[in-house]
Structure formats: C-alpha cells, structure tokens
2 protein chains.
Amino acid sequence: MCIITINREFGSGGRELAKRLADELNFTYFDKEIISMVAKKSNSSDYINCATNTNKFPYTTSKSFTLYSAPQKYFTDMLVVERKIIKEIAKQGNCIIVGRGADVILRDFNTVNIFVYSNFEAKMKRCKEKAPSNEHLTDKELCKQIKNVDKQRKKFYLLLGQDSWGDKENYDICINTSNIEIKEIVSQLAQLIKRYLGE
Amino acid sequence: MCIITINREFGSGGRELAKRLADELNFTYFDKEIISMVAKKSNSSDYINCATNTNKFPYTTSKSFTLYSAPQKYFTDMLVVERKIIKEIAKQGNCIIVGRGADVILRDFNTVNIFVYSNFEAKMKRCKEKAPSNEHLTDKELCKQIKNVDKQRKKFYLLLGQDSWGDKENYDICINTSNIEIKEIVSQLAQLIKRYLGE
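Summarised in this report is the structure supplied together with it.

Rules of the game
Think of each chain on its own: its residues are numbered from 1, step by step along the sequence as written. All chains are assigned letters beginning at A, and all ligands numbers beginning at 1, according to the order in which they are written. Totals for whole chains, interfaces and linings use all residues, but because this is a predicted model, local features are given only for residues with pLDDT of at least 70 and pairs of side-chain atoms are given and counted only at 80 or more. The side-chain values count all of the structure's non-hydrogen atoms but skip hydrogen atoms and water molecules. In this text, helices come from DSSP runs of H or I with a minimum length of four residues, and strands from runs of E with a minimum of two, each type numbered from the N-terminal end. The cut-offs for exposure are 20% and 50% of the maximum accessible area for each residue type, with area from a 1.4 Å probe on protein chains only; residues under the lower value are buried, those over the upper are exposed, and the others partly exposed. By the convention used here, residues are in contact when the closest approach between their heavy atoms is within 4.5 Å. Residue burial considers only the protein chains on display, and all accessible areas are found by Shrake-Rupley using a 1.4 Å probe. Accessible area, probed at 1.4 Å, shrinks when two parts are joined; the buried area is that loss added up over both. Think of a salt bridge as a Lys or Arg side-chain nitrogen and an Asp or Glu carboxyl oxygen that are within 4 Å of each other. The term polar contact refers here to a pair of N or O atoms within 3.5 Å; inside protein, the definition further demands a hydrogen-donor-capable atom paired with an acceptor-capable atom, and it admits residues adjacent in sequence only when both atoms are side-chain atoms. Any residue that is not Ala, Val, Leu, Ile, Met, Phe, Trp, Tyr, Cys, Pro, Asp, Glu, Lys or Arg is counted as polar, Gly included; the first ten are nonpolar and the last four charged. Here, the term disulfide refers to a pair of cysteine sulfur atoms separated by no more than 2.5 Å. Only the stretch in contact is used when fitting a helix axis, every axis being a line fitted to C-alpha atoms; angles between N-to-C directions are given from 0 to 180 degrees. We call two directions roughly parallel when the angle between them is under 35 degrees, roughly antiparallel when it is over 145, roughly perpendicular when it lies between 65 and 115, and oblique otherwise. For Phe, Tyr and Trp, where Trp contributes only its six-membered ring, two rings pair if their centres lie within 6.5 Å, and the inter-plane angle classes them as stacked under 30 degrees, edge-to-face over 60, or tilted in between. Lysine and arginine charges are scored as sitting over a ring when NZ or CZ, respectively, is within 6 Å of the ring centre and within 35 degrees of the ring normal. In this description, strands pair whenever DSSP reports at least two bridges between them.

Notes on the overall build of chain A
Line of reasoning, step 1. Looking only at helices and strands, chain A features eight helices and five strands.
Line of reasoning, step 2. Ordered by position from the N terminus, the helices and strands of chain A form the series β-α-β-α-α-α-β-α-β-α-α-β-α.
Line of reasoning, step 3. Looking at chain A as a whole, 56% of its 199 residues qualify as buried.
Line of reasoning, step 4. Put simply, 74% of the contacts in chain A that link residues at least 6 apart link residues at least 24 apart.
Line of reasoning, step 5. Accessible surface for chain A amounts to roughly 9,500 Å². Of this, 46% is attributable to carbon and sulfur atoms.

Next up, the structure:
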C-alpha cells in the first residue's frame, strides 16, 4: 500500500510535479477530486458553489481552493467527511494526494511525504506562465495572491493541529523548483521516492 | 564544473551520504581535508592541535570539528584562508564539499546544495551505532552533543552572514534520513542531483 502526499507552495509547480509523478509511477492522483467527493458525500452543492465562486474567494480560485476556504457553517462537517474520504483513498493504496492535509490525516499510515517549494521570483514567473488568458493580475496582486494562498494552507494545518506546514521536518524529501524544469526531475525523483516506499 | 555542497545535522548520516555520493558520481570528496589544507597554508599546527583536542572541545570532537571551534586568535585569519581554499577547490569542479560554509562561500558558483536531516530519535540511534568503542556517553550527554554541534554550525553560518542554516530555502534538495538506510538512496539521489547539475 503506497501513499505519497505532496504539499507545495503556491506557484512552485507542486501540482504539475504530482501529476507527472502519478503518471510515472502509475499511481492514482487526487487533488480537487477530493473536494467533489466531499461535496457529493455531504450533498452539499453550496460547498462546491462557494469553492468555485472566485468573487467570494478572490485569493482562492478553484485552482487553489482548500477546504479552509469553505464558509464557517460548512467547515466542521466537511472536515469530518474529508478525513474519512482521505483515509478511504489511502486504504486503496498506490495514490498521490496533493494538499488537503493528507500527510497529517494519514499520520498512522505509511506515507512518503514530499514538499515542493521555490523562491518568490520563480513562483511569480510560473504563475504568470500558467495564468488563464482572462486573468490580468498586476505584479502586486499576484504577489498578494501567492502569499495569501500559502497563508491559508498554513491556517488549514493549524486547524488540523499541525503548526508547521512547510517545515522540512514533516517531510521525507523537500524539492526546490526555483532553478529546474519540473519535467526534468520527474523520473529521477520517482525512483528516489520508490526507495522511501521500500520498493 | 559540477559542485555539490552538503550540509547536515549532526547524526543524520550526511557525511556517509556525501562520501557514498562522491563514490557514485566519481567526484572528489572534501570534508576534514579542508581543515588540513587551511592549517598547512597558514603554517598553523596549533590550529590542528586545537581541532583534535577533544578535551578542549568536548562537543566538537575531530569527527564534528568546524572552523568555528578554532580559538579566537586564529579564527579571522583562518576564515580568509578557508574561503580561498574552498574557491580553489570549486574551480577544479566535480567535487562534493561537506559543511565549512561552502554553499555560502560559493554563492556565485553554480552549485547544487543539499541538506541532510533526521528526527532526534534517529540521530541518537545513528550516533550510538557509529560511536568509537572508547566513547561512553550517557543519553543526556549525547543529546547535548548533538544539539551543541548543530548550534555551532548555525553560529558559523551567522559569521558568514547567513542566518538561516538548515532553512530549506537555501538548498535544492532536503533529505530526511529518519526512516531510510543511507546506502538505499545513494544511487537514486545521485541521479536526481545530476538533473540539477544539468547533466
């Protein structure tokens, strides 16, 4: 039963790396899928509506939505459902879970935990390259977005009782993507992760 | 010209990893060799005597000696010589330099910087396994030693103008050795590092 969790700074390319690793290892990839599963299980279409309403959550677009962004009235119930779903996913094994507090929720499972980060300049560059054509943020707005998303992620971890999101001690491997193309390291990183998985 | 710098927490197995990586990549390995080179260049046998006098430096045995442990009267001169030597080594390329502030000193060089760490339990275990037969430290003494050596390393970085020894942002890859045998990851990590070296 192999489980990889990936946490990442916004704009570091962590999601791209996770997707590519899932392809390379032939693992199932979970990210926003978990939000849909939570909403479905809770019969809460409002939750999804909120999650994708970028006017209400200007710095947590659907691209970067976390459970923490859910309105207070849904939050507690959602968290219980999310915990359950993540554990169910983990029991099936051979998966990569991006964010969602999976590394904390699966503390009793045998996971390999990865953190992906980069310097601010590289994050700005990557965000601009990946921005949808209808997004026209100034550098100041983009800078604020990057900081706010990670701030939310930190806060979400606090709610899970973990006060050290991003601290290397919580992860098996931390990968800096400032000076590297994601696709250039996928295969080699996958092989290294396999050793941590005991393969 | 490929240069790898390796920083590590005391007891994390960073030195073993560095040595094995040097063998794997066929790179020249520099660690305590640099102390000898500094002493030779400065005609300072006193420096070496101090460095290896474990009575004077109870928490910096020859195993973990850093330039910072040098007596004040030698320190400034030694630092100038060390900087020079590390740059000379780097110019020859294809080398792994362990500690000695090489990542800071070589900031203008194209280095790949690695940090090796582990949890305290694993560090205690590794230190006990690697201890010389005549070393009989209590758990309390060993714990103090581990903390003190890393404290010295942090201080040495402060003297180099770097206040964040061990912060992941300063490194390309951070490797947690808490749950893995060093020899199990050498080959895969070497391949990953090669990508960062642009090979």
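Now that the structure has been shown, the text picks up again.
Notes on the interface of chain A and chain B
Interface extent is often summarised as the accessible area lost during association of the parts.
Line of reasoning, step 1. Counting from both sides, the interface comprises 22 residues of chain A and, opposite them, 22 residues of chain B.
Line of reasoning, step 2. Between chain A and chain B the total buried area reaches about 2,000 Å² when both faces are included, carbon and sulfur atoms providing 55% of it.
Line of reasoning, step 3. Viewed at the interface, chain B and chain A are joined by two salt bridges.
Line of reasoning, step 4. For E184 of chain A, the salt bridge identified is with R195 of chain B, shortest N-O distance 2.6 Å.
Line of reasoning, step 5. Seen at the junction of chain A and chain B, the total is 15 residue pairs in polar contact (both at pLDDT 80 or more).
Line of reasoning, step 6. Mapped by element, the contributors of at least two residues to the side of chain A that touches chain B are β4 (111-117), β5 (173-176) and α8 (182-196) of chain A.
Line of reasoning, step 7. Sorting elements by how many residues they give to the side of chain A that touches chain B places α8 of chain A first, with eight residues.
Line of reasoning, step 8. Across the side of chain A that touches chain B, the residue classes break down as 11 nonpolar, five polar and six charged.

Comments concerning the state of the cysteines
Line of reasoning, step 1. By the definition in use, this model includes zero disulfides over all chains.
Line of reasoning, step 2. Not part of a disulfide, C143 of chain A finds its nearest cysteine sulfur in C127 of chain A, a span of 10 Å.
Line of reasoning, step 3. No disulfide involves C174 of chain A; its sulfur sits 5.0 Å from that of C174 of chain B, the nearest cysteine.

A closer look at the packing of helix α6 (residues 120-130) of chain A against helix α7 (residues 139-159) of chain A
All names here are of chain A.
Line of reasoning, step 1. Relative to each other, α6 and α7 sit at 110 degrees, their axes nearing to 11 Å. Classified by the angle between their axes, α6 and α7 sit roughly perpendicular to one another. Touching F120, K123, M124, C127 and K128 of α6 are D139, L142, C143, I146, K147 and D150, all from α7.
Line of reasoning, step 2. Here the contact of α6 with α7 is built from residues that sort into six nonpolar, no polar and five charged.

Re the pattern of salt bridges
Line of reasoning, step 1. In the structure shown here, the tally under the stated rule is 20 salt bridges over all chains.
Line of reasoning, step 2. A salt bridge links E16 of chain A to K130 of chain A, with the nearest nitrogen and oxygen atoms 3.4 Å apart. Here the residue E16 of chain A occupies a position in helix α1 (residues 14-25), and K130 of chain A occupies one in helix α6, the gap between them amounting to 114 residues.
Line of reasoning, step 3. Among the residues examined, K130 of chain A registers a relative accessible area of 48% and is labelled partly exposed.
Line of reasoning, step 4. The salt bridge involving R20 of chain B is made with E16 of chain B; its shortest N-O contact spans 2.9 Å. Here R20 of chain B pairs with E16 of chain B, and both are found in helix α1 (residues 14-25), just four residues apart, close to one helical turn.

Points about the packing of aromatic side chains
Line of reasoning, step 1. Applying the stated rule across the entire model yields eight aromatic pairs over all chains.
Line of reasoning, step 2. Summarising the aromatic geometry, the rings of F156 of chain B and Y157 of chain B are spaced 6.2 Å apart at their centres and angled 85 degrees between planes, so their arrangement reads as edge-to-face.
Line of reasoning, step 3. Just above the ring of Y117 of chain B sits the side chain of K168 of chain A; from NZ or CZ to the centre is 5.3 Å.

Brief notes about the sheet that holds strand β5 (residues 173-176) of chain B
Line of reasoning, step 1. If you walk across this open sheet you meet the 10 strands as β2(A)-β3(A)-β1(A)-β4(A)-β5(A)-β5(B)-β4(B)-β1(B)-β3(B)-β2(B), and the pairing is mixed. In the strand order of this sheet, the two ends are held by β2 (28-30) of chain A together with β2 (28-30) of chain B, each with one partner. Averaged over all neighbouring strand pairs, the angle between strand axes comes to 20 degrees, with direction disregarded.
Line of reasoning, step 2. In this fold α1 of chain A packs onto β1 (3-8), β2, β3 (95-98), β4 and β5 of chain A, with an angle of close to 160 degrees to the strand it touches most, β1 of chain A.
Line of reasoning, step 3. Across the sheet, α1 of chain B lies against β1 (3-8), β2, β3 (95-98), β4 (111-117) and β5 of chain B, angled at about 160 degrees from β1 of chain B, the strand it touches most.

These results come straight from atomic positions and should not be treated as a statement about function.
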